[in-house]
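Survey of secondary and tertiary structure
Here's the letter readout for the chains.
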Amino acid sequence: MNRQLARRDLLAGLAIMLAVPALGHDHKAAPASPPARDPLATQFGGAFSLLDHTGKRVTDVDFRGRFMLVYFGFSRCADTCPVDLPVIAQALDALGPAADRIAPLFISVDPANDTPAVMATYVANVHPRLIGLSGSEAEVAATAKAYKVHRRKLTQAHHGHGEYTIDHGSLTYLMGPDGRFLTLLPHKTSPERMAAVLRKYLS
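**Some details on helix α2 (residues 81-95)**
An ideal rise of 1.5 Å per residue puts 21 Å on 15 residues; α2 measures up with 21 Å between its terminal C-alpha atoms. Buried residues of α2: Cys81, Asp84, Leu85, Val87, Ile88, Ala89, Ala91, Leu92 and Leu95, and no others. Buried residues in α2 make contact with β3 (67-73), β4 (102-108), α3 (116-124), β7 (165-168), β8 (172-175) and α5 (191-202). In the segment just after α2, Gly96 is the residue with positive phi, at about 65°.

What follows is the structure in structure tokens.
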């Protein structure tokens, strides 16, 4: 687990570093070089087809033109989700009307339990604009793979027959209006920090 957390922290640190444009030394006033390409830009995200919390099938294409703020978790999560989802809610509220340009997505890593009806009740208790997404095991697995999200069922000593919890990634992904990856926000990011990062990309 420590190795997984260290890897998450490394990825998050790399993702939030700002690329600095190269300064030209040509006395002929050549145009400045563009910012260096984020080395993680092609590593996260991709096409998906899932059910939203109303039972409607949606794909990544349905969110084109808006930023996607993507978080993976599950409705019975007792540790990371109760920390990170309120941060997303507070950051959206801090943005005011500008938050309309963001589609906050909560993608379940537990499709066996998180039906659209379960997700509808859960997201309603977090934020009115939060969109719950789930689907078949194959659909969720493909989406998690595209975002490099690990998920693993765990059975603990206090669990009864058939009970389990899920160890899962706890990064928040910001995707651009074109669906491409922009940056990562690590677990326990403050609402103020998340709102500041979002404002930068919205401006």
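**What about unusual backbone geometry?**
In this structure, Lys148 is a non-glycine residue whose phi angle is positive, near 60°. Mapped onto the fold, Lys148 is located in the loop between α4 (137-146) and β6 (151-154). Of note, the phi angle at Lys188 is positive, near 70°, even though the residue is not glycine. You can see Lys188 is positioned in the loop between β9 (181-185) and α5.

**Concerning the side chain of Asp52**
Among the secondary structure elements, Asp52 is positioned in strand β1 (residues 49-52). For Asp52, which is buried and forms no salt bridge, the nearest opposite charge comes from Lys56, at a distance of 5.7 Å.

**Observations concerning the packing of aromatic side chains**
Counted by the stated rule, this structure contains eight aromatic pairs. Their ring planes at 55° and their centres at 5.7 Å tell us that Phe44 and Tyr173 sit as a pair that is tilted. In this pair, Phe44 sits in the loop between α1 (2-15) and β1 while Tyr173 sits in strand β8, placing the two residues 129 residues apart along the sequence. Residue Phe44 shares its accessibility class with Tyr173, and that shared class is buried. If you follow Arg76 out to its NZ or CZ, it ends over the ring of Tyr164, 4.8 Å from the centre. Positioned above the aromatic ring of Tyr164 is the side chain of Lys153, whose terminal nitrogen or guanidinium carbon lies 4.3 Å from the ring centre.

**With respect to the pattern of salt bridges**
Taken as a whole and assessed by the stated rule, the structure comprises five salt bridges. Asp60 is the partner of Arg64 in a salt bridge, and the nearest nitrogen-oxygen pair spans 2.9 Å. One salt bridge connects Arg152 with Asp167, and the closest N-O pair in it is separated by 4.0 Å. A residue pair is termed long-range when its members are at least 10 positions apart, and Arg152 in strand β6 and Asp167 in strand β7 qualify at 15 residues.

**A closer look at the sheet that holds β8**
Taken in spatial order, the seven strands make up an open sheet running β2-β1-β5-β4-β3-β8-β9, and their pairing is mixed. Since the sheet does not close on itself, it has two edges, and those belong to β2 (57-59) and β9, each with one partner. Taken over all neighbouring pairs, the strand axes of this sheet differ in orientation by 35° on average, direction set aside. Bridge count for β3 against β4 is seven bridges, and the pairing is parallel. Bridging from a neighbouring strand, Phe72 pairs with Ile107 of β4.

Reading guide: rules and limits
- Residues numbered from 1 in each chain as written.
- Predicted model: local features only at pLDDT ≥ 70, side-chain atom pairs only at ≥ 80, totals over all residues.
- Heavy atoms only, no water.
- Helix = DSSP H or I, 4+ residues; strand = E, 2+ residues; numbered from the N terminus.
- Expected span 1.5 Å × (residues − 1).
- Buried < 20%, exposed > 50% of the residue type's maximum accessible area, 1.4 Å probe, protein only.
- Contact = heavy atoms within 4.5 Å.
- Lys, Arg positive; Asp, Glu negative; His and termini not counted.
- Salt bridge = Lys/Arg side-chain N within 4 Å of Asp/Glu carboxyl O.
- Phe/Tyr/Trp six-rings, centres within 6.5 Å; stacked < 30°, edge-to-face > 60°.
- Lys NZ or Arg CZ within 6 Å of the ring centre and 35° of its normal.
- Pairing = 2+ DSSP bridges.
- Axes fitted to C-alpha atoms, helices over the stretch in contact; angles between N-to-C directions.

Taken by themselves, the reported measurements are silent on function.
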